[in-house]
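Fold and geometry: a report
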Amino acid sequence: MPTAAAPIISSVQKLVLYETRARYFLVGSNHAETKYRVLKIDRTEPKDLVIIDDRHVYTQQEVRELLGRLDLGNRTKMGQKGSSGLFQAVSAFGVVGFVRFLEGYYIVLITKRRKMADIGGHAIYKIEDTNMIYIPNDSVRITHPDEARYLRIFQNVDLSSNFYFSYSYDLSHSLQYNLTVLRMPLEMLKSETTQTRQESFDIFEDEGLITQGGSGVFGICSEPYMKYVWNGQLLDIIKNSVHRDWLLYIIHGFCGQSKLLIYGRPVYVTLIARRSSKFAGTRFLKRGANCEGDVANEVETEQILCDASVMSFTAGSYSSYVQVRGSVPLYWSQDISTMMPKPPITLDQADPFAHVAALHFDQMLQRFGSPIIILNLVKEREKRKHERILSEELVAAVTYLNQFLPPEHTIVYIPWDMAKYTKSKLCNVLDRLNVIAESVVKKTGFFVNRPDSYCSILRPDEKWNELGGCVIPTGRLQTGILRTNCVDCLDRTNTAQFMVGKCALAYQLYSLGLIDKPNLQFDTDAVRLFEELYEDHGDTLSLQYGGSQLVHRVKTYRKIAPWTQHSKDIMQTLSRYYSNAFSDADRQDSINLFLGVFHPTDGKPHLWELPTDFYLHHKNTMKLLSTRRSYTYWWTPEVIKHLPLPYDEVICAANLKKLIVKKFHRYEEEIDIHNEFFRPYELSSFDDTFCLAMTSSARDFMPKTVGIDPSPFTVRKPDETGKSVLGNKANREEAILQRKTAASAPPPPSEEAVSSSSDDDSGTDREEEGSVSQRSTPVKMTDTGDSAKVTEVLGKNMVQPMKEVYGINLSDGLSEEDFSVYSRFVQLGQSQHKQDKSSQQLCSRCSVGVIKLTPISAFSQDSIYEVQPPRVDRKSTEIFQAHIQASQGIMQPLGKEDTSMYREYIRNRYL
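All values reported here derive from a predicted model rather than from experimental measurement.

What counts and how
Residues numbered from 1 in each chain as written. Predicted model: local features only at pLDDT ≥ 70, side-chain atom pairs only at ≥ 80, totals over all residues. Heavy atoms only, no water. Helix = DSSP H or I, 4+ residues; strand = E, 2+ residues; numbered from the N terminus. Buried < 20%, exposed > 50% of the residue type's maximum accessible area, 1.4 Å probe, protein only. Contact = heavy atoms within 4.5 Å. Polar contact = N/O pair within 3.5 Å; in protein donor to acceptor, adjacent residues only side chain to side chain. Expected span 1.5 Å × (residues − 1). Core = buried A, V, L, I, M, F, W, Y, C linked by side-chain atoms within 4.5 Å. Pairing = 2+ DSSP bridges. Axes fitted to C-alpha atoms, helices over the stretch in contact; angles between N-to-C directions. Parallel < 35°, antiparallel > 145°, perpendicular 65-115°, else oblique. Left-handed = near helix turned anticlockwise from the far one by under 90°. Nonpolar A, V, L, I, M, F, W, Y, C, P; charged D, E, K, R; others polar. pLDDT = per-residue confidence, 0-100. Salt bridge = Lys/Arg side-chain N within 4 Å of Asp/Glu carboxyl O.

**A short note on the overall build of the protein**
Check the secondary structure of the protein and you find 32 helices and 27 strands. Each of the 911 residues in the protein was classed as buried or not, and the buried ones make up 46%. Put simply, 71% of the contacts in the protein that link residues at least 6 apart link residues at least 24 apart.

Next comes the structure, spelled out in structure tokens:
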């Protein structure tokens, strides 16, 4: 049964930029190179951007003919010097955007990418390298002395550092939003199709859909949530003049994916962090909120769990949980001119009616629904009042706003001094966080796209029955959000988010039927894999905002960190201080220029001449706002009507306008995610596939000894995991040296069988051993007797018992039951191919009770050794021959039936 709707896959994934003296021609194609689009960019305008998109879909042959004509038309005369024809300037994978400083426009292209994650067959890529190309020709270029400086500032934003994009999956929205859009009623999709039909010159656009009697599939493309899009300003100038496939929106933050193997069943755990592009900046230069309710260091973190054995948004099992971090939504800042490690916190403006907090929480209600839960981790008791200033103001703002909200939708405020509990020897920080996490997840629920499994109905869990959220026939929806903050929203916040994510992960695994109780313990392979993802996530976000990696990690709060971690924490603190004091100002200027907060203009002060960027981010300081919000009814009226559901996911006229809906053939390339993922038209190497390269619980965390329980939910000892064994460099080098010493001596005959059967090293270890042995000098041995002694000593230390390695002792004889099973297995294999009479007589005694298999395929002889192709009837042969002749230009004469059908088509279409 075909799906009701599917995401539209962009048909511009490969780009080639061709250059002439007067034009740039940007040719884009889909991955299969069957559909092409062409952009024409004028190079004769010194300061304006002139782009022409004919919105026509070309075939490969048509594009070759077009480029050939352009090459001939731009060649110079034979005797004249200079360049001629059409030149290929660069190959790319997408357009980041267009930017102008004081001269002409630049185009920014993605030249390298790397796959980072896969969600339902939709690939997520990380930008590895970009290229900026100046568009105007040198003959019309008007030079400016400050252009080069602006270019350097713009390029300080490293696009190869944690910027992500996808051709088919909307990264600016959550999985819950994306799948909710795909499940819209068909009646609404049909009404939207007529309003948002794609402009095209092809008169046969809907021909196949009409003749198939409505068997097409609706393709849906939603507008991105611009708050988390970082190249919105760069694409704004071409947004309304080119086809949507040219617009590639990128996000900034983090993306990581790992594979959790549960007895061979692959489950992908994905972590996506979206950093807000509003009020973005560095640590001490961006604090609090601006006049529009956007806060500093706002990051939306989503953990996605999917069963990788089924690759489909419709048939597969998917679950997600979203939480947010962000600065305290008040007007506050810290003065860094004093060169202190902890500058004093000052409240910049009095806000008795919590105006800025109201704007911020109104945005959250619209995107996430209710309840909004605030987990405030700042210090409550201090000798000198520092962080407590923020707590007092935040409590006053939440109390004021809650008195006007309906009681069932009030903002939940949870204060908890995490630093105080960390210093106490009697309190366990993570145990207290686990209690908070349980209460939070029970209130908000989580998203899952399948109804509760039958086993959970038969054996209901107490915690599962208390779960909140919204239960629908197709699964569950998350309603509400947890908003965590400390002062910097880095170290303490990341640990708290990890604990909440760990609790939600247990519920997600339980909802997919993978564990019997919604509970996960520390020191299991699953939690260690999840902890590593969250540490990478925290390090990346901390580098972006604070200039260093995390100072305090989960192990620090568990109080199991090694003694060397203390010195590393000191180095990270010094690195953060240096970055904040000396390089944050330049990074802030780069972010302001990249995001379009500052626009260079002749006759006005330059970016580096501004004493502060306060006026750039607070627009109400430059002009009076035309409308003022109510002090009591501080929310948007439409939002409060649909709570606890988020207004952005409600099916209404305003949200339908944000969708682009088009009807496609069932196997059209723009909605065929199977071909997009597997790509049967190209040769690929199995070893290079993404699913093998990602972190795996079985390969990287599970102990290498087979005899123990392979479940990723079994508690391990700290020295049992594969990660700790492989991660210890000294142990690995010592083991390699021992293997080299034993291998260089000739082993005695009695040891040979044992050493060959106990080789349990992975392929990675063998490769590294080979590379080390090439650089090392061989160990000098004395005589045969000494070598035998060395081998015997090493064999006792290295060779593990066969029972421990394989689970059985191969030297023992097989039991009668095992032998009968093996005999049946042999007979099943022999019944698939021909045997001579002698072999049949020899095996007649063992063939009692064996199933006789006969081929049921269309092949007369079908076995693992030889295949006889089936016979083809005459009519099928004639059809195939006619198809071959048609490809050579030899067409068959039309019959009466074909002629009458064509006349009927012309009459219905044009007369």
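**Some thoughts on the environment of Arg587**
Along the chain, Arg587 turns up in helix α16 (residues 565-594). Placed 305 residues apart in sequence, Arg587 and Thr282 show a C-alpha to C-alpha distance of 7.3 Å. At a separation of 2.3 Å, a polar atom in the side chain of Arg587 contacts the main-chain carbonyl oxygen of Gln544.

**Quick word on helix α13 (residues 491-511)**
Taking 1.5 Å per residue as the helical rise, α13 with its 21 residues ought to reach 30 Å, and the 30 Å between its terminal C-alpha atoms agrees with that figure. Counting buried positions along α13 yields 21 of 21 residues, so the element is predominantly enclosed. Just downstream of α13 lies Gly513, where phi reads positive at about 75 degrees.

**Points about the side chain of Asn592**
Turning to its location among the elements, Asn592 is positioned in helix α16. Residue Asn592 is classed as buried on the basis of its relative accessible area of 1%. A polar contact of 3.1 Å, which involves the side chain of Asn592, links it to the side chain of Asp613.

**As for the environment of Asp516**
With respect to the element layout, Asp516 can be found in the loop between α13 and α14 (525-545). As a C-alpha pair, Asp516 and Cys455 span 61 residues in sequence and 9.0 Å in three-dimensional space.

**Quick word on the environment of Thr270**
Tracing the chain through its elements places Thr270 in strand β13 (residues 265-275). Owing to a relative accessible area of 0%, Thr270 belongs among the buried residues under this scheme. A C-alpha to C-alpha distance of 8.1 Å links Thr270 and Glu302, two positions 32 residues apart in sequence. In this view, Thr270 contacts Ala117, Ile119, Gly256, Gln257, Glu302, Gln303 and Ile304; residues no more than four positions away in its chain are not counted. Here Gln257 takes part through its side chain, which lies 2.8 Å from a polar atom of the side chain of Thr270.

**Some details on the nonpolar core**
Tyr321, Leu433, Val441, Phe498 and Leu509 are the most contacted members of the largest nonpolar core, which totals 55 residues. Sort the elements by how many residues they give to this core and α13 lands first, with 11 residues. For Val441, the contacting residues outside a window of four places in its chain are Tyr321, Leu467, Val500, Cys503, Ala504 and Tyr507. Membership of the second largest hydrophobic core comes to 33 residues, among which are Ala357, Leu365, Leu405 and Ile481.

**Regarding the pairing of strand β4 (residues 36-42)**
β4 sits mainly inside the fold: six of its seven residues count as buried. For strand β3 (residues 23-29) and β4, the ladder comprises seven bridges, and the chain directions are antiparallel. Each residue of the ladder has a partner; that of Arg23, found in β4, is Asp42. Once β3 ends, the chain turns through six residues before running back antiparallel as β4, passing Glu33 with a positive phi of about 60 degrees.

**Notes on the packing of helix α10 (residues 429-444) against α13**
The angle between the axes and the distance between the axes are what describe a pair of packed helices. Their axes nearest at 9 Å, the elements α10 and α13 cross at an angle of 55 degrees. What the angle tells us is that α10 and α13 run oblique. For the pair α10 and α13, the crossing hand works out as right-handed. For the pair α10 and α13, the contacting residues are Leu430, Leu433, Asn434, Ala437, Glu438, Val441 and Lys442 in the first and Thr495, Ala496, Met499, Val500, Lys502, Cys503, Ala504 and Tyr507 in the second. Tallied by class, the residues present in the contact of α10 with α13 amount to 10 nonpolar, two polar and three charged.

**Notes on the sheet that holds strand β2 (residues 14-19)**
Strand order in the open sheet formed by five strands is β5-β4-β3-β2-β6, and the pairing between neighbours is antiparallel. Among the strands making up the open sheet, the edge pair consists of β5 (51-53) and β6 (87-92). Each strand axis lies, on average, 20 degrees off the axis of its neighbour in the sheet, ignoring direction. Both β2 and β6 contribute to a ladder of five bridges, which runs antiparallel. Counterpart to Glu19 in the pairing with β6 is Phe87.

**Thoughts on the confidence of the model for the protein**
Here the protein averages 80 in pLDDT, while 77% of its residues score no lower than 70. Across residues 196-214 the pLDDT falls below 50, and counting only partners more than four positions away or on other chains, this stretch makes 26 contacts in the model. Note that residues 724-799 has pLDDT below 50 and, in this model, 38 contacts with residues that lie over four places away or in other chains.

**A short note on the pattern of salt bridges**
Applying the stated criterion across every chain, the model contains 37 salt bridges. A salt bridge links Arg629 to Asp362, with the shortest nitrogen-to-oxygen separation between them at 3.1 Å. Of the two residues, Arg629 sits in the loop between α17 (614-617) and α18 (637-641) while Asp362 sits in helix α7 (residues 355-368), which places them 267 residues apart along the sequence. Taking relative accessible area as the criterion, Asp362 reaches 4% and is therefore assigned buried. Salt-bridge contacts for Asp525 lead to Arg716; the nearest nitrogen and oxygen are separated by 2.9 Å. You can see Asp525 sitting in helix α14 and its partner Arg716 sitting in the loop between α22 (697-700) and α23 (722-727), a full 191 residues away along the chain. Exposure class is identical for Asp525 and Arg716. Each is buried. Each of the salt bridges in this network shares a partner with another, and the network as a whole consists of Arg274, Glu300, Glu302 and Arg367.

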